[in-house]
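A look at the structure
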Amino acid sequence: MTSAEQATEATGRNPYRLVVLDMAGTTVADGGLVEQAFSAAAERLGVKPGSGDHERQLAHVRATMGESKISVFRHLFGDEEKAEYANAAFEEAYGELVDGGRIAPIPGAREAVERLTAEGRTVVLTTGFARTTQDAILAALGWQDLVPLALCPADAGGRGRPYPDMVLAAFLRTGAVDDVRRIVVAGDTSYDMLSGQRSGAGLVAGVLTGAHDAGQLERNGATHVLGSVAELPDLIARAEA
């Protein structure tokens, strides 16, 4: 039996039963709220919108989309107290924007999750936001019962992406698969791709509905690049065929 035949046989015995999905940019469209909330938080720390410091910091925020937000603020402000203050201000501003009805599902995202669930797969949603913000997003979308588990960095020891911790926490908590190679990870950022690769996931799919382009996703470990998460169920079905 060839190695390809062995891989196909193994997949058939133990298919992709755990699917770990990012939220903002992947399953949720927020219309640039991250940048708006960052600007509000930075202004509280004396960084004026339109200034050189503001543009430099905003460029870093864009480059690190997908990373735990507290980690971003630690990099930008250095001092832990300032970082925690900025993070709290960011979460507050983002939560207010969410409550204002400024978010929506990515077209086809809910249907994709429902199809994956109907196929017997366990779907987990992950985010770089704090728990309160994640809960606010789920409530705004009416997604509180859409998946059995939603994780933020604090649920995985405090480290967000690009560390693999949230993917591995989903693996450990759900028991959906017995091999990390049977995990699917999907996200819209380079950090999502790095997290998926470092976890050992067998499929790491980048989507083009969020922060980073196909080149960035592929350079950081995407095994596949999709137009959106709506295409993910078909990709998994093909991989198992």
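These numbers come from a predicted model, not from an experiment.

This next bit is on the sheet that holds strand 7 (residues 203–207). The pairing of strands in a sheet happens through backbone hydrogen bonds and is either parallel or antiparallel. Read from one edge to the other, the open sheet built from 6 strands follows the order 5-4-1-6-7-8, with strand pairing classed as parallel. Each edge of the sheet is formed by a strand with only one pairing partner; in this case those strands are strand 5 (149–151) and strand 8 (224–226). Between one strand axis and the next, the sheet turns through 25° on average, direction left out of account. Its contacts with the sheet put helix 7 (residues 131–141) on strand 4 (122–126) and strand 5, and the angle it makes with strand 5 is roughly 135°.

Turning our attention to the packing of helix 6 (residues 109–118) against helix 11 (residues 232–240). With their axes 9 Å apart at the nearest point, helix 6 and helix 11 run at an angle of 35° to one another. Residue-level inspection shows Ala 112, Arg 115 and Leu 116 of helix 6 in contact with helix 11, the latter providing Leu 232, Pro 233, Asp 234, Ile 236 and Ala 237. Across the contact of helix 6 with helix 11, the residue classes break down as 6 nonpolar, no polar and 2 charged.

For the rest of this paragraph, the subject is the pattern of salt bridges. Taken as a whole, this structure holds 12 salt bridges when the rule is applied. Between Arg 74 and Glu 80 there is a salt bridge, and its shortest N-O distance comes to 3.0 Å. Judged by its relative accessible area of 36%, Arg 74 falls in the partly exposed class. When its relative accessible area of 33% is taken as the criterion, Glu 80 is described as partly exposed. Because the salt bridges share partners, they merge into one network encompassing Arg 115, Glu 119, Arg 121, Asp 234 and Glu 240.

Overall, the coordinates contain 5 aromatic pairs when judged by the stated rule. An aromatic cluster is built from Phe 38, Phe 73, Phe 90, Tyr 94 and Phe 129, whose rings are joined through pairwise contacts. The ring of Tyr 16 has Arg 182 sitting right over it, with the charged end atom 4.3 Å from the ring centre.

A word on the side chain of Thr 189. Locating Thr 189 in the fold gives a position in the loop between strand 6 (183–187) and helix 9 (190–199). Among the polar contacts listed, one links the side chain of Thr 189 to the side chain of Asp 192, at a separation of 2.8 Å.

Our focus in this paragraph is empty space enclosed by the protein. What the rule picks out here adds up to 2 cavities of 30 Å³ or more. Estimates place the volume of the largest cavity at around 70 Å³. Lining the largest cavity are Val 20, Leu 21, Asp 22, Thr 126, Arg 161, Met 166, Val 167, Val 185, Ala 186, Asp 192 and Ser 195. Those elements that provide at least two residues to the lining of the largest cavity are strand 1 (18–22), helix 8 (165–174), strand 6 and helix 9. It is strand 1 that contributes the most residues to the lining of the largest cavity, 3 residues altogether. Its residues placed into classes, the lining of the largest cavity shows 6 nonpolar, 2 polar and 3 charged. Taken as a whole, the second largest cavity encloses approximately 30 Å³ of empty space. Residues of the lining of the second largest cavity, tallied by class, amount to 5 nonpolar, no polar and 1 charged.

Cut-off values and rules
- Note on numbering: residues in each chain are counted from 1, in written sequence order.
- Restriction of local features to residues with pLDDT of at least 70 applies here, the model being predicted, together with a cutoff of 80 or more for giving and counting side-chain atom pairs; totals for whole chains, interfaces and linings are based on all residues.
- Excluded from the side-chain calculation are hydrogens and water; included are all heavy atoms of the structure.
- Two strands form a pair only when DSSP identifies at least two bridges running between them.
- We count a stretch as a helix when DSSP gives it H or I for four or more residues in a row; a strand needs E for two or more, and each element gets its number in order from the N terminus.
- To obtain an axis, a line is fitted to C-alpha atoms, over the contacting stretch when the element is a helix, and the angle between two such axes runs from 0 to 180 degrees between their N-to-C directions.
- Contacts are assigned to residue pairs with any non-hydrogen atoms lying within 4.5 Å of each other.
- Classes in brief: Ala, Val, Leu, Ile, Met, Phe, Trp, Tyr, Cys and Pro nonpolar; Asp, Glu, Lys and Arg charged; the others, Gly included, polar.
- For salt bridges, the criterion is a side-chain nitrogen of Lys or Arg within 4 Å of an Asp or Glu carboxyl oxygen.
- Each residue's exposure class comes from its accessible area (1.4 Å probe, protein chains only) as a fraction of the maximum for that residue type: buried when under 20%, exposed when over 50%, partly exposed otherwise.
- By convention, a stacked pair of Phe, Tyr or Trp rings (six-membered ring in the case of Trp) has centres within 6.5 Å and planes under 30 degrees apart, an edge-to-face pair has planes over 60 apart, and any other such pair is tilted.
- A ring is considered to have a charge above it if a Lys NZ or an Arg CZ atom is located within 6 Å of its centre and within 35 degrees of its normal.
- By the criterion applied in these results, polar contacts are pairs of N or O atoms within 3.5 Å in which, for protein atoms, one can donate a hydrogen and the other can accept it, and in which residues neighboring in sequence qualify only through two side-chain atoms.
- In this analysis the probe radius is 1.4 Å and the grid spacing 1 Å, with only protein atoms considered; a cavity is a set of points the probe fits into but cannot get out of, a pocket is an open set with protein on both sides within 12 Å along at least five of seven lines, and lining residues have an atom within 4 Å of a point.
- Grid points are joined across faces, edges and corners, and a volume is the space filled by probe spheres set on the points.

So far we have only geometry, and geometry alone does not tell us how the molecule works.
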